[in-house]
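So you can see what is in the structure, the chains are spelled out below.
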Amino acid sequence: MAEQKEIQIPKVKLGTQGFEVSKLGFGCMGLTFVKSPGAEEDGISIIKHAFSKGITFFDTSDIYGTDHANEILVGKFRLKDREVKSYTWILYGDHKLGSPC
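Owing to the predicted nature of the structure, the values given are computational and were not obtained by experimental measurement. (Residues numbered from 1 in each chain as written. Predicted model: local features only at pLDDT ≥ 70, side-chain atom pairs only at ≥ 80, totals over all residues. Heavy atoms only, no water.)

## Some remarks on the nonpolar core
Considering soluble globular proteins, one finds that nonpolar side chains tend to be buried as a cluster. Test applied: Within this scheme, the nonpolar core is defined by two criteria: the residues are buried Ala, Val, Leu, Ile, Met, Phe, Trp, Tyr or Cys, and they are joined through side-chain atoms within 4.5 Å. Only protein chains enter the accessibility calculation, which uses a 1.4 Å probe; a residue whose area is less than 20% of its type maximum is buried, one above 50% is exposed, and one in between is partly exposed. Secondary structure elements are defined from DSSP: runs of H or I of at least 4 residues count as helices, runs of E of at least 2 residues count as strands, and each element is numbered from the N terminus.
Membership of the largest hydrophobic core is limited to eleven residues, which are Ile 9, Cys 28, Leu 31, Ile 44, Ile 47, Ala 50, Ile 55, Phe 58, Leu 73, Val 74 and Phe 77. When residues of this core are traced back to their parent elements, those giving at least two are α1 (39–52) and α2 (69–80).

Right under this line is the structure:
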């Protein structure tokens, strides 16, 4: 079997404060729509895998799941490893859909 090359995810500056994030972001929408046994652990595992491959930019929203489950899931990943330096882009829901924002 051929040896796989490790892909380097390019980084870009975010804003003017010196933050640097991966140019490729990870959309977390699909991680919190299904409530099943082990779903939270699976979601954290998926985020951890993306982070291990160089993704440091995570897209979440209050409308990706119920009761802010999406942001909470990403937060739990970050709490498990306090050395993680990642950035989260939080989008706020559409007022027509009943979002409190």
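## Some thoughts on the pattern of salt bridges
The cut-off we apply is this: Any Lys or Arg side-chain nitrogen found within 4 Å of a carboxyl oxygen on Asp or Glu counts as a salt bridge.
For the structure shown, the criterion picks out two salt bridges. Among the salt bridges present, the one from Lys 13 reaches Glu 20, with a minimum N-O distance of 4.0 Å. Take Glu 20: its relative accessible area is 41%, and that puts it in the partly exposed class. Residues Lys 76 and Glu 40 are paired through a salt bridge, measuring 3.0 Å at the closest nitrogen-oxygen approach. One end of the pair, Lys 76, is in helix α2; the other, Glu 40, is in helix α1, and 36 residues separate them in sequence. Here Lys 76 falls in the partly exposed class, since its relative accessible area comes to 31%. Looking at Glu 40, the relative accessible area reads 36%, which means it is partly exposed.

By themselves, these observations are geometric and do not establish any function.
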